[in-house]
Amino acid sequence: MQTKQEFKQTSVEDWARSDQYHNSFLHSKDEALDYALQNSAAHDLPEIAVSAAQGKLLNLQARSIGAKRILEVGTLGGYSTIWLARAVPADGEVITLELNELHAKVAQENLDHAGVSGKVRIIVGPAHESMRRLEPAPPFDFIFIDADKPGNRDYFTEAKRLVRKGGVIIVDNVVRYGRVADPEYTDQMVEGVRTLLKALEGDTDVDATSIGTVGDKGYDGFLYAIRK
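Computed from a predicted model, the values in this text were never measured in an experiment.

### Some points on the pairing of strand 7 (residues 218-227)
Two elements, strand 5 (residues 163-172) and strand 7, share five bridges in a ladder whose sense is antiparallel. Directly across from D172, in strand 7, lies its bridge partner F222. Here strand 6 (residues 206-215) pairs with strand 7 via ten bridges, running antiparallel. Opposite G212, over in strand 7, you have G221 as the bridge partner. Adjacent in sequence and paired antiparallel, strand 6 and strand 7 are bridged by two residues.

### Observations concerning the nonpolar core
In this structure, I70 and F142 are the most contacted members of the largest nonpolar core, which totals 32 residues. Sorting the residues of this core by element identifies helix 2 (31-42), helix 3 (52-64), helix 4 (79-87), helix 5 (101-114), strand 3 (120-124), strand 4 (140-145) and strand 5 as the ones contributing at least two each. Residues contacting F142, with those up to four places away along its chain left out, are L58, Q61, A62, I65, A67, R69, I70, L71, L84, V163, V168 and I170. Counting 29 residues, the second-largest nonpolar core is a separate cluster that includes A127, F140, L162 and V174.

### Concerning the packing of aromatic side chains
Going through the model one piece at a time under the given rule, you end up with three aromatic pairs. Aromatic pair Y21 and F25: ring centres 5.0 Å apart, planes at 70°, arrangement edge-to-face. Placement of both Y21 and F25 in helix 1 (residues 12-26) is noted, with a separation of four residues, approximately one turn of the helix. Per residue, the accessibility class of Y21 equals that of F25, and both read exposed. Their ring planes at 75° and their centres at 6.4 Å tell us that Y177 and Y219 sit as a pair that is edge-to-face. Residue Y177 is found in the loop between strand 5 and helix 8 (188-200), and its partner Y219 is found in strand 7; the two are separated by 42 residues along the sequence. The class of Y177 is partly exposed, set by a relative accessible area of 43%. For Y219, a relative accessible area of 32% translates into the label partly exposed.

### Description of the side chain of N23
Note that N23 resides in helix 1. Classification of N23 by relative accessible area gives buried; the value is 16%. Contacts of N23, omitting those with residues within four sequence positions, involve A52 and A53.

### Regarding the packing of helix 2 against helix 4
At their nearest, the axes of helix 2 and helix 4 sit 9 Å apart, and the two run at 155° to each other. Here helix 2 is positioned roughly antiparallel relative to helix 4, judged by the angle of their axes. Where helix 2 abuts helix 4, its residues A32, L33, A36 and L37 lie against Y79, I82, W83 and R86. For the contact of helix 2 with helix 4, the per-class residue count stands at seven nonpolar, no polar and one charged.

### Here we look at the sheet that holds strand 3
Sheet architecture is open: seven strands sit in the order 3-2-1-4-5-7-6, paired in mixed fashion. Edge positions in the open sheet fall to strand 3 and strand 6, since each of these has one partner strand only. Taken over all neighbouring pairs, the strand axes of this sheet differ in orientation by 15° on average, direction set aside. Contacting strand 6 and strand 7, helix 1 crosses the sheet at an angle of about 100° to strand 6. Here helix 5 sits on the sheet in contact with strand 2 (93-98) and strand 3, set at roughly 170° to strand 3.

### Quick word on unusual backbone geometry
Of the consecutive residues A137 and P138, the connecting peptide bond is found in the cis state with omega at 0°. Among the structural elements, P138 can be located in the loop between helix 6 (127-133) and strand 4. The backbone phi angle of D44 is positive, close to 60°, even though this residue is not glycine. Relative to the assigned elements, D44 resides in the loop between helix 2 and helix 3. Take D44: its relative accessible area is 70%, and that puts it in the exposed class. Phi at Y177 is positive, roughly 55°, even though this residue is not glycine.

### A look at helix 5
The first and last C-alpha atoms of helix 5 sit 20 Å apart over 14 residues, in line with the 20 Å expected at 1.5 Å per residue. Within helix 5, the full set of buried residues consists of H103, A104, V106, A107, N110, L111 and A114. Looking straight down helix 5, one finds that the buried residues subtend no more than 165° of arc, so they occupy a single side. The elements touched by buried residues of helix 5 are helix 2, helix 4, strand 2 and strand 3. At the N-terminal boundary of helix 5, the capping side chain belongs to N100, with an oxygen 2.8 Å from the backbone nitrogen of L102.

The rules we used
Residues numbered from 1 in each chain as written. Predicted model: local features only at pLDDT ≥ 70, side-chain atom pairs only at ≥ 80, totals over all residues. Heavy atoms only, no water. Pairing = 2+ DSSP bridges. Helix = DSSP H or I, 4+ residues; strand = E, 2+ residues; numbered from the N terminus. Core = buried A, V, L, I, M, F, W, Y, C linked by side-chain atoms within 4.5 Å. Buried < 20%, exposed > 50% of the residue type's maximum accessible area, 1.4 Å probe, protein only. Contact = heavy atoms within 4.5 Å. Phe/Tyr/Trp six-rings, centres within 6.5 Å; stacked < 30°, edge-to-face > 60°. Axes fitted to C-alpha atoms, helices over the stretch in contact; angles between N-to-C directions. Parallel < 35°, antiparallel > 145°, perpendicular 65-115°, else oblique. Nonpolar A, V, L, I, M, F, W, Y, C, P; charged D, E, K, R; others polar. Expected span 1.5 Å × (residues − 1). Arc of directions from axis to C-beta. Polar contact = N/O pair within 3.5 Å; in protein donor to acceptor, adjacent residues only side chain to side chain.

By themselves these figures say nothing about function.
Written out as structure tokens, the structure reads:
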């Protein structure tokens, strides 16, 4: 007989331990991904890449819709790019946008090492400008937005233009330790998320939800949208 589960106060340490435990069953050791993290750290890139669990979730989500053409906004060291490149078929394509030339250089090294660079094109420059130059011909199946948060609304607006009907748009870091929902708190990152959420209210082009997450990256969440 199932009894009512008691509430337990948890911490970042609990969340990280849980991630590690589940990953030990569901993830195999991956030299290429480990190399990407180590090489990025060696070049002093900020340690803000998605977690292993989040990277695999992106991979599974893209595969579940049969994505062949993916756009990533924000490359960093290419860790999430590797997960996305592995999701598309041999004749698929991932276009990833990165502002910082050093980040793009490190990402290219990591993609080469992972053996997926043939499926990936890095475009260096301001992401919004790069997106405006892209054409939806053919449209993208899947778009992952994980760049500067003040640009979220602009990125999402362009993503709607570029993604196919029924395609998926994911925006990362939309909870930010619950600060987005705290009326007493403000910073540029939080306001960027709030601006996006306000723009989505009543938006008839997409159907969207946000999901809070906890893990070794702390308490955050992502927005998941489907283009109508």
